[in-house]
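Listed below are the residues making up each chain.
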Amino acid sequence: FPKGVLGILSIDGALLKNLREVALASNDKDEAATIRARLVALESLKRISIAIRNSSTAASPFPEILLAAESSDPAGLVNTLVQESAGALSGAGLPVSAWQQKTIAGAKSHYLVTPIGIGIYLTNSGNFALLASSERALADALSAFNKPELQLASALSTSSTELLTG
């Protein structure tokens, strides 16, 4: 993650797999089959990390959210998120634009924006699917992937870095 992050929560793949199995076991066979089909993209996940930071623009009172999902198929995960979220957002009655594409920090990215300015920006880089609530947050995350000096870890002490990297 880029510097300036206020907090990070990470969930490893073993816990994600256990949660998926609990969801499948707690439903009857027909419902479990439907749930399994919808969660197939999650099988490629190795871990998910969510970070929050202050807004990069003074115009927004909302903090920025960044999510990095390590996956064996990050491009497939991004495509699944784009396809599944379109129906879910419109079904929930949320006024959002249609998915669009643009290049952000050199990466082909998908995005949509709500009328209040909060967006969803998606792309993949290396083994990660990246999601951010603003274009700037996604650009900063992509830049941090490519330049270690821009990463949060570069601003931490050695002992803190060791805790984060295991």
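Residues numbered from 1 in each chain as written. Predicted model: local features only at pLDDT ≥ 70, side-chain atom pairs only at ≥ 80, totals over all residues. Heavy atoms only, no water.

Caption draft 1: A look at the packing of helix α1 (residues 13–25) against helix α2 (residues 29–38). Running from amino to carboxyl end, α1 crosses α2 at an angle of 150°, the nearest separation of the two axes being 8 Å. As judged from the angle between their axes, α1 and α2 are roughly antiparallel. Of the residues in α2, those touching α1 at Arg 20, Ala 23 and Leu 24 are Ala 32, Ile 35 and Arg 36. Tallied by class, residues from the contact of α1 with α2 come to four nonpolar, no polar and two charged. (Axes fitted to C-alpha atoms, helices over the stretch in contact; angles between N-to-C directions. Helix = DSSP H or I, 4+ residues; strand = E, 2+ residues; numbered from the N terminus. Parallel < 35°, antiparallel > 145°, perpendicular 65-115°, else oblique. Contact = heavy atoms within 4.5 Å. Nonpolar A, V, L, I, M, F, W, Y, C, P; charged D, E, K, R; others polar.)

Caption draft 2: Main features of the sheet that holds strand β2 (residues 45–53). Here seven strands make up an open sheet; going across it, the order is β1-β2-β3-β7-β6-β5-β4 and the pairing antiparallel. Each edge of the open sheet carries a strand with a single partner, namely β1 (5–12) and β4 (100–104). The sheet shows a mean angle of 20° between the axes of neighbouring strands, taken without regard to direction. Taken together, the four bridges between strand β5 (residues 107–113) and strand β6 (residues 119–125) define a ladder with antiparallel strand orientation. The residue of β6 that forms the bridge with Tyr 111 is Tyr 121. Running over the sheet, α1 touches β1 and β2 and is turned about 60° from β1. (Pairing = 2+ DSSP bridges.)

Caption draft 3: Spatial organisation of the pattern of salt bridges. This model, assessed by the stated rule, comprises five salt bridges. With a closest N to O distance of 2.5 Å, Arg 53 and Glu 64 form a salt bridge. Here Arg 53 is found in strand β2, whereas its partner Glu 64 is found in strand β3 (residues 64–71), with eleven residues between them in sequence. For the residue pair Arg 53 and Glu 64, the accessibility class agrees, reading buried in each case. The partner of Lys 102 in a salt bridge is Glu 135, with the nearest N and O atoms 3.0 Å apart. With Lys 102 in strand β4 and Glu 135 in helix α4 (residues 135–146), this pair connects stretches of sequence that are 33 residues apart. Several salt bridges converge on common partners, so that one network encompasses Arg 53, Glu 64, Arg 136 and Asp 140. (Salt bridge = Lys/Arg side-chain N within 4 Å of Asp/Glu carboxyl O. Buried < 20%, exposed > 50% of the residue type's maximum accessible area, 1.4 Å probe, protein only.)

Caption draft 4: Molecular detail of the side chain of Ser 44. One can find Ser 44 in the loop between α2 and β2. Of the polar contacts made by the side chain of Ser 44, one reaches the side chain of Ser 71; its length is 2.7 Å. Those residues in contact with Ser 44, other than ones at most four positions away along the chain, are Glu 70, Ser 71, Ser 72 and Asp 73. (Polar contact = N/O pair within 3.5 Å; in protein donor to acceptor, adjacent residues only side chain to side chain.)

Caption draft 5: Geometry of the packing of aromatic side chains. Inspection of every chain in the model, using the stated rule, returns one aromatic pair. On the basis of an interplanar angle of 5° and a centroid distance of 5.6 Å, the ring pair of Tyr 111 and Tyr 121 is categorised as stacked. Highlighted residues: Tyr 111 in strand β5 and Tyr 121 in strand β6, separated in sequence by ten residues. On the basis of relative accessibility, which here comes to 14%, the residue Tyr 111 falls in the buried class. (Phe/Tyr/Trp six-rings, centres within 6.5 Å; stacked < 30°, edge-to-face > 60°.)

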